[in-house]
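Each chain, written out:
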Amino acid sequence: MNGPINDELREAVQFHGHLCPGLALGFRVAKAALRELKAERPEDEELVSIIENDSCAADAIQFITGCTFGKGNLIFRDYGKHVYTFFNRHTGRGIRISEDYRGFEDDDRFPPLKKRQERGEDVTVEMQALKMEKAAAILKADENEIMTIREVATQPPREARVHGSIRCASCGEKFMESRGRVKNGQIVCIPCFEKA
Ligand SMILES: [Zn+2]
Ligand SMILES: [Zn+2]
């Protein structure tokens with residue numbers, strides 16, 4: 001594998017720790033998003049990513065789009081769906097990408113492998129080979145075979161505000177003001193609030 005795309009893929013694999021179908025799918029989704037929204041991997045916060053799962057794909061999204069929790073332009077909605085929404089704040093355009101790869105459900109080699117695994121057999125090597133085959137297939141697949149892209153009319157979420165921090169009355173550690181809870185008349189952090 002050569003060329004700039006593959007260098008980028010290699011770096012994404014390094015960031016994630018391994019190549020897997022999830023990473024490959026996230027890579028394809030992120031590349032499609034940057035192209036559709038005419039965004040470069042942004043240094044500023046022009047791009048916003050909303051991810052609806054925290055699977056392997058999420059790492060590729062972060063690495064390729066440059067959207068991170070720390071910059072406040074990566075938003076996690078815990079829906080467990082393979083759906084990704086991206087906004088370009090400069091242009092106001094947004095797209096929603098629903099990943100729809102069918103390579104697992106349409107492959108009849110998986111059910112017997114899973115059965116053997118349930119019986120306690122070690123199928124690691126075969127499973128790994130199959131996953132690598134899928135990852136390669138995903139990287140080569142036509143885009144419309146693995147995802148659906150559509151425009152969204154909604155506005156991007158507003159920019160992350162920087163909140164002041166205060167000290168927890170119980171543990172003394174600092175926390176973001178807006179996350180404070182009141183317990184026995186004192187302002188405490190969430191972990192202290194939830195402690196019995
Ligand atoms: Zn992975
Ligand atoms: Zn505390």
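Look up: the structure comes first, before these words.
These numbers come from a predicted model, not from an experiment. For every chain, the first residue of the written sequence is number 1, and numbering continues from 1 along that sequence. As a convention, the first chain written is A and the first ligand written is 1, with the rest following in written order. Note on the predicted model: pLDDT of at least 70 is required for a residue's local features to be given, and 80 or more for side-chain atom pairs to be given and counted; whole-chain, interface and lining totals, by contrast, use all residues. With hydrogens and water stripped out, all remaining heavy atoms of the structure feed into the side-chain values.

Details of the packing of aromatic side chains
Moving on, step 1. Working definition: rings of Phe, Tyr and Trp (its six-membered ring) pair if their centres are within 6.5 Å, and the pair is stacked with planes under 30 degrees apart, edge-to-face with planes over 60 apart, and tilted otherwise. For the structure on display, the rule yields three aromatic pairs.
Moving on, step 2. Here the aromatic rings of Y101 and F104 are separated by 5.8 Å at their centres, their planes lie at 90°, and the arrangement is edge-to-face.
Moving on, step 3. With relative accessibility at 14%, the residue Y101 sits in the buried group.
Moving on, step 4. The interplanar angle of 55° and the centroid separation of 5.1 Å between the aromatic rings of F104 and F110 together place this pair among those described as tilted.
Moving on, step 5. Note on classification: 1.4 Å probe, protein chains only; a residue is buried when its accessible area is under 20% of the maximum for its type, exposed when over 50%, partly exposed between these limits. By relative accessible area, which is 31% here, F104 ends up partly exposed.

Observations regarding the nonpolar core
Moving on, step 1. If you look at the biggest cluster of nonpolar residues, it comprises 35 residues, and the most contacted ones within it are V29, I61, I64, Y84, F86, I97 and I146.
Moving on, step 2. Working definition: helices are DSSP H or I runs of at least four residues, strands are E runs of at least two. Numbering for both runs from the N terminus. For this core, the secondary structure elements donating two or more residues are α1 (3-16), α2 (21-36), β1 (47-51), α3 (56-65), β3 (83-88), β4 (93-99) and α5 (124-140).
Moving on, step 3. Examining the composition of this core, we find that nine residues originate from one element, α2, more than from any other. Residues belong to one nonpolar core when they are buried, are Ala, Val, Leu, Ile, Met, Phe, Trp, Tyr or Cys, and are joined through side-chain atoms within 4.5 Å.

Description of the coordination of the zinc ion (ligand 1)
Moving on, step 1. Taken together, H16 (NE2), H18 (NE2), C20 (SG) and C56 (SG) make up the full set of protein donors to the zinc ion (ligand 1), lying 2.1 to 2.3 Å away.
Moving on, step 2. Note: metal donors comprise N, O and S atoms at 2.8 Å or less from the metal (3.2 Å for Na, K and Ca); water molecules are not included, so apparent gaps in a site are possible. Taken in sequence order, the residues that donate to the zinc ion (ligand 1) follow the motif H-x1-H-x1-C-x35-C.
Moving on, step 3. Here C20 falls in the buried class, since its relative accessible area comes to 9%.

Quick look at the side chain of N73
Moving on, step 1. Tracing the backbone through its elements, the reader meets N73 in the loop between α3 and β2 (74-76).
Moving on, step 2. One polar contact links the side chain of N73 to the main-chain amide nitrogen of T68, over a distance of 3.0 Å. A 3.5 Å cut-off defines polar contacts: any pair of N or O atoms within that distance qualifies, except that in protein one atom must be a possible hydrogen donor and the other a possible acceptor, and neighbouring residues in sequence count only when both atoms are side-chain atoms.

Describing the sheet that holds strand β5 (residues 147-152)
Moving on, step 1. Here, any two strands with at least 2 DSSP bridges between them count as paired. Spatial ordering of the open sheet is given by β2-β1-β3-β4-β5, a layout of five strands whose pairing is mixed. Sheet topology places β2 and β5 at the edges, where each strand pairs with a single neighbour. Between one strand and the next, the sheet's axes are offset by a mean angle of 20°, whatever the strand orientation.
Moving on, step 2. As defined by bridge partners, β4 adjoins β5 across six bridges and the pair is classed as antiparallel. Paired with I95 across the two strands is E151, which belongs to β5.
Moving on, step 3. Throughout, a residue-residue contact means that at least one pair of heavy atoms, one from each residue, lies within 4.5 Å. Every axis corresponds to a line fitted to the C-alpha atoms, with the helix fit spanning only the stretch in contact, and the corresponding angles, defined between N-to-C directions, vary from 0 to 180 degrees. α2 contacts β1, β3, β4 and β5 of the sheet and is inclined by roughly 155° relative to β4.
Moving on, step 4. Along the sheet face, α3 touches β1, β2 and β3 and points at about 180° away from the line of β1.

Description of the environment of K174
Moving on, step 1. With respect to the secondary-structure elements, K174 resides in strand β7 (residues 174-176).
Moving on, step 2. Assessed through its relative accessible area of 58%, K174 is described here as exposed.
Moving on, step 3. Residues K174 and F86, 88 residues apart in the sequence, show an inter-C-alpha distance of 32 Å.
Moving on, step 4. Those residues within four positions of K174 in sequence are excluded, and the remaining contacts are S165, I166 and R167.

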